[in-house]
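Here is how the chains run, residue by residue.
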Amino acid sequence: MNAIAGTEAGRRLTGFLDSPVVGMLPWIVFSVLAGPGRFEFAVGISLAIAALVLAMGRVRRPGTSVKILEAADVAFFAALAIVGLVASAGTLRWLETYSGELSNFALVAIAFGSIAVREPFTVQYARERVPRSQWNTRGFLHTNYVITAVWALAFLVAAVAGLVGDLVLRQPGNIWTNWVIQIGAIIVAVRFTEWYPPVVRERIHGGAPSRGSPTSVGALFVPFSAYLVPVGIVVLALGSAPIWLGVALIVLGTLLVHAFRLDADGARSERPRRDAR
């Protein structure tokens, strides 16, 4: 295990496991999988992931307290599983339609609730990645308040999109409200979680993100730009929108990714010359 942890892949895995994204993984999976005819399947997979995340946390860091999000994961999906077993046919149909929005709003409540009690849930993950001396600093706490709020907003966007598809459009399987918008919001939140801490560190040390820097605003949206390409392909394949829109998404996504990466490569090649001077 130690040999693996010492490799680049091992370090990446450790960083991922110490990220709040792991605690939100059951909710993300459930949000994507839930829908008519898929309730039991979505709950089962999400509950299994929640239990696995909880167990891995105890194995990797024995003696540490259970994180707020880990406990909420298991409690929420275990409760949904029990309700699904005893629910009537009508209740089960309701859950199949609205359980995705229910889970999204539950996570919104957890996120904003943790902010309200001045213990943003991302703090418990961040403390495993920084020295204890930084735990009560203004920058550390501010970073976690902002990241937690961004996740709350991302799942709020996903919940509202789902409600629009279910209640307004009466199309629970609508590709835009049930998939594209919700996944896009999550991609932005995941990327923001990685991007924002270095931004705060630069500001604390008196720096400013340069054009093309990994902490520039453009770098934040590279994954979302790349996401536009498969969305355009799906639009063309399923015919869920005009052909011109699918083509436009593919072209726009490709151009944006190329521009951001070219910009970043230029910044990296320029940095050694600045350092040499």
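Calculation notes
- Residues numbered from 1 in each chain as written.
- Predicted model: local features only at pLDDT ≥ 70, side-chain atom pairs only at ≥ 80, totals over all residues.
- Heavy atoms only, no water.
- Helix = DSSP H or I, 4+ residues; strand = E, 2+ residues; numbered from the N terminus.
- Buried < 20%, exposed > 50% of the residue type's maximum accessible area, 1.4 Å probe, protein only.
- Contact = heavy atoms within 4.5 Å.
- Core = buried A, V, L, I, M, F, W, Y, C linked by side-chain atoms within 4.5 Å.
- Axes fitted to C-alpha atoms, helices over the stretch in contact; angles between N-to-C directions.
- Parallel < 35°, antiparallel > 145°, perpendicular 65-115°, else oblique.
- Phe/Tyr/Trp six-rings, centres within 6.5 Å; stacked < 30°, edge-to-face > 60°.
- Lys NZ or Arg CZ within 6 Å of the ring centre and 35° of its normal.
- Expected span 1.5 Å × (residues − 1).
- pLDDT = per-residue confidence, 0-100.
- Left-handed = near helix turned anticlockwise from the far one by under 90°.
- Nonpolar A, V, L, I, M, F, W, Y, C, P; charged D, E, K, R; others polar.
- Patch = residues over 30% accessible without salt bridge, like charges linked within 9 Å, V, L, I, M, F, W, Y side chains within 5 Å.
- Areas by Shrake-Rupley, 256 points an atom, 1.4 Å probe, with all protein chains shown as cover.
- Salt bridge = Lys/Arg side-chain N within 4 Å of Asp/Glu carboxyl O.

One can find S225 in helix α11 (residues 222-238). For S225, a relative accessible area of 3% corresponds to the buried category. Residues contacting S225, with those up to four places away along its chain left out, are G253, L256, V257 and F260.

With that settled, consider the nonpolar core. M24, W27, F30, W151 and F155 are the most contacted members of the largest nonpolar core, which totals 36 residues. Of all the elements in the fold, those that place two or more residues in this core are α3 (20-33), α4 (39-60), α5 (68-86), α6 (89-116), α8 (138-168) and α9 (175-204). Counting residues per element, this core draws most heavily on α9, which supplies eight residues. Ignoring sequence-local partners within four residues, the contact set of M24 consists of L69, L107, F121, W151 and F155. In terms of nonpolar packing, the next biggest core, distinct from the first, is built from eight residues, I175, L228, V231 and A241 among them.

Right, let's get into the packing of α3 against α4. Where α3 meets α4, the closest approach of the two axes is 9 Å, and the angle between their N-to-C directions is 170°. With respect to their mutual orientation, α3 and α4 come out roughly antiparallel. Each of V22, L25, P26, V29, F30 and L33 in α3 lies in contact with α4, whose residues at this interface are F39, F41, A42, V43, I45, S46, I49, A50 and V53.

Right, let's get into the packing of aromatic side chains. Going through the model one piece at a time under the given rule, you end up with ten aromatic pairs. Aromatic rings pair up to connect W27, F30, F76 and F77 into one cluster. Over the ring of Y125 we find K67, and its NZ or CZ is 5.1 Å from the ring centre.

So, on to α8. Across its 31 residues, α8 extends 43 Å between first and last C-alpha, which sits within 8% of the 45 Å expected from 1.5 Å per residue. Where α8 terminates, the next one or two residues include R170, which has phi positive at roughly 55°.

Time to look at unusual backbone geometry. Phi at R118 takes a positive value of approximately 65°, unusual for a residue other than glycine. Structurally, R118 can be placed in the loop between α6 and α7 (122-126). A positive phi is found at R170, a non-glycine position, where the angle reads about 55°. Position of R170 among the secondary structure elements: in the loop between α8 and α9. Note on R170: relative accessible area 61%, which makes it exposed.

The pLDDT averaged across the protein chain works out to 83; a share of 84% of its residues lies at or above 70. Least confident of the elements in the protein chain is helix α1 (residues 2-5), whose mean pLDDT is 48; most confident is α8, at 93. A low-confidence stretch, residues 1-5 (pLDDT under 50), is modelled with three contacts involving residues beyond four sequence positions or located in other chains. Low pLDDT (under 50) marks residues 267-277, which in the prediction has six contacts with non-local residues, meaning those over four places away or in another chain.

Of note, L156 is situated in helix α8. L156 sits in the partly exposed class, given a relative accessible area of 30%. Between the C-alpha atom of L156 and that of A106, which follows or precedes it by 50 residues, the distance is 9.6 Å. Aside from chain neighbours lying at most four places away, what touches L156 is F105 and V108.

Turning next to the packing of α3 against α5. At a minimum axis separation of 9 Å, α3 and α5 run at an interaxial angle of 20°. In terms of orientation, α3 lies roughly parallel with respect to α5. Here the hand of the crossing between α3 and α5 comes out left-handed. Here P20, G23, M24, P26, W27 and F30 of α3 lie close against α5, whose contacting residues are L69, A72, D73, F76, F77 and L80. Looking at the contact of α3 with α5 residue by residue, the classes come out as ten nonpolar, one polar and one charged.

On the surface, a nonpolar cluster with roughly 720 Å² of combined accessible area is contributed by F105, F112, L153, L156, V160, V164, L167, V168 and L169. Looking at the nonpolar patch, the elements with two or more residues in it are α6 and α8. The biggest single contributor to the nonpolar patch is α8, with six residues. Mapped onto the elements, V160 comes out in helix α8. Residue classification places V160 among the partly exposed positions, given a relative accessible area of 41%.

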